[in-house]
Amino acid sequence: KFFHKEAAKEGLVAIPYDSKFGEHSRVYQACKLFLFIPSGGLYGCPLAMTDGAAFVLRKKFSDPEFKSKFGNSDIEKAYHQLISR
């Protein structure tokens, strides 16, 4: 639970979805992960899977047909939970 809290506090999954760092968001995320993963007790794998799920959902929600079918649904809520801090 310690690593989960620390990863969420640092926003390790949320960084590229904040747009705070613009086109450099993924690079900033990679740098933070590079520092976190060696001491993260294999917690990097769940972070990567969470980021992958958020990435796919973000791409799908950019499709108007998908958005009209699944917008304001549990899928959209799940996306926002995946990228929350």
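Residues numbered from 1 in each chain as written. Predicted model: local features only at pLDDT ≥ 70, side-chain atom pairs only at ≥ 80, totals over all residues. Heavy atoms only, no water.

Tyr17, Ala54, Leu57, Phe61, Phe66, Tyr79 and Ile83 form the largest nonpolar core, which has seven residues in total. Among the elements that make up this core, the one with the highest residue count is helix 4 (residues 44-61) (three residues). Residue contacts for Ile83: discarding those within four places in its chain leaves Ala14, Tyr17 and Ala54. Judged by nonpolar contacts, the second largest core, of six residues, contains Ala7, Leu12, Leu33 and Phe36. (Core = buried A, V, L, I, M, F, W, Y, C linked by side-chain atoms within 4.5 Å. Buried < 20%, exposed > 50% of the residue type's maximum accessible area, 1.4 Å probe, protein only. Helix = DSSP H or I, 4+ residues; strand = E, 2+ residues; numbered from the N terminus. Contact = heavy atoms within 4.5 Å.)

Attention shifts here to the packing of aromatic side chains. Throughout the structure, instances matching the rule amount to seven aromatic pairs. Geometrically, the ring pair formed by Tyr17 and Tyr79 is edge-to-face, given 6.3 Å between the ring centres and 90 degrees between the ring planes. With Tyr17 in helix 2 (residues 15-18) and Tyr79 in helix 6 (residues 74-82), the pair connects residues that are 62 residues apart, well separated along the chain. The exposure class assigned to Tyr17 is buried, which follows from its relative accessible area of 9%. Taking the centre distance of 4.2 Å and the plane angle of 35 degrees together, the rings of Phe21 and Tyr28 count as tilted. According to the relative accessible area criterion, Phe21 is partly exposed, its value standing at 33%. Classification of Tyr28 by relative accessible area gives partly exposed; the value is 33%. Put simply, the rings of Tyr17, Phe61, Phe66, Phe70 and Tyr79 touch in pairs and so form one group of aromatic residues. (Phe/Tyr/Trp six-rings, centres within 6.5 Å; stacked < 30°, edge-to-face > 60°.)

Let us now look at the side chain of Asp51. Among the secondary structure elements, Asp51 is positioned in helix 4. The class for Asp51 is buried, based on a relative accessible area of 11%. Those residues in contact with Asp51, other than ones at most four positions away along the chain, are Val13, Pro16, Tyr17, Arg26 and Gln29.

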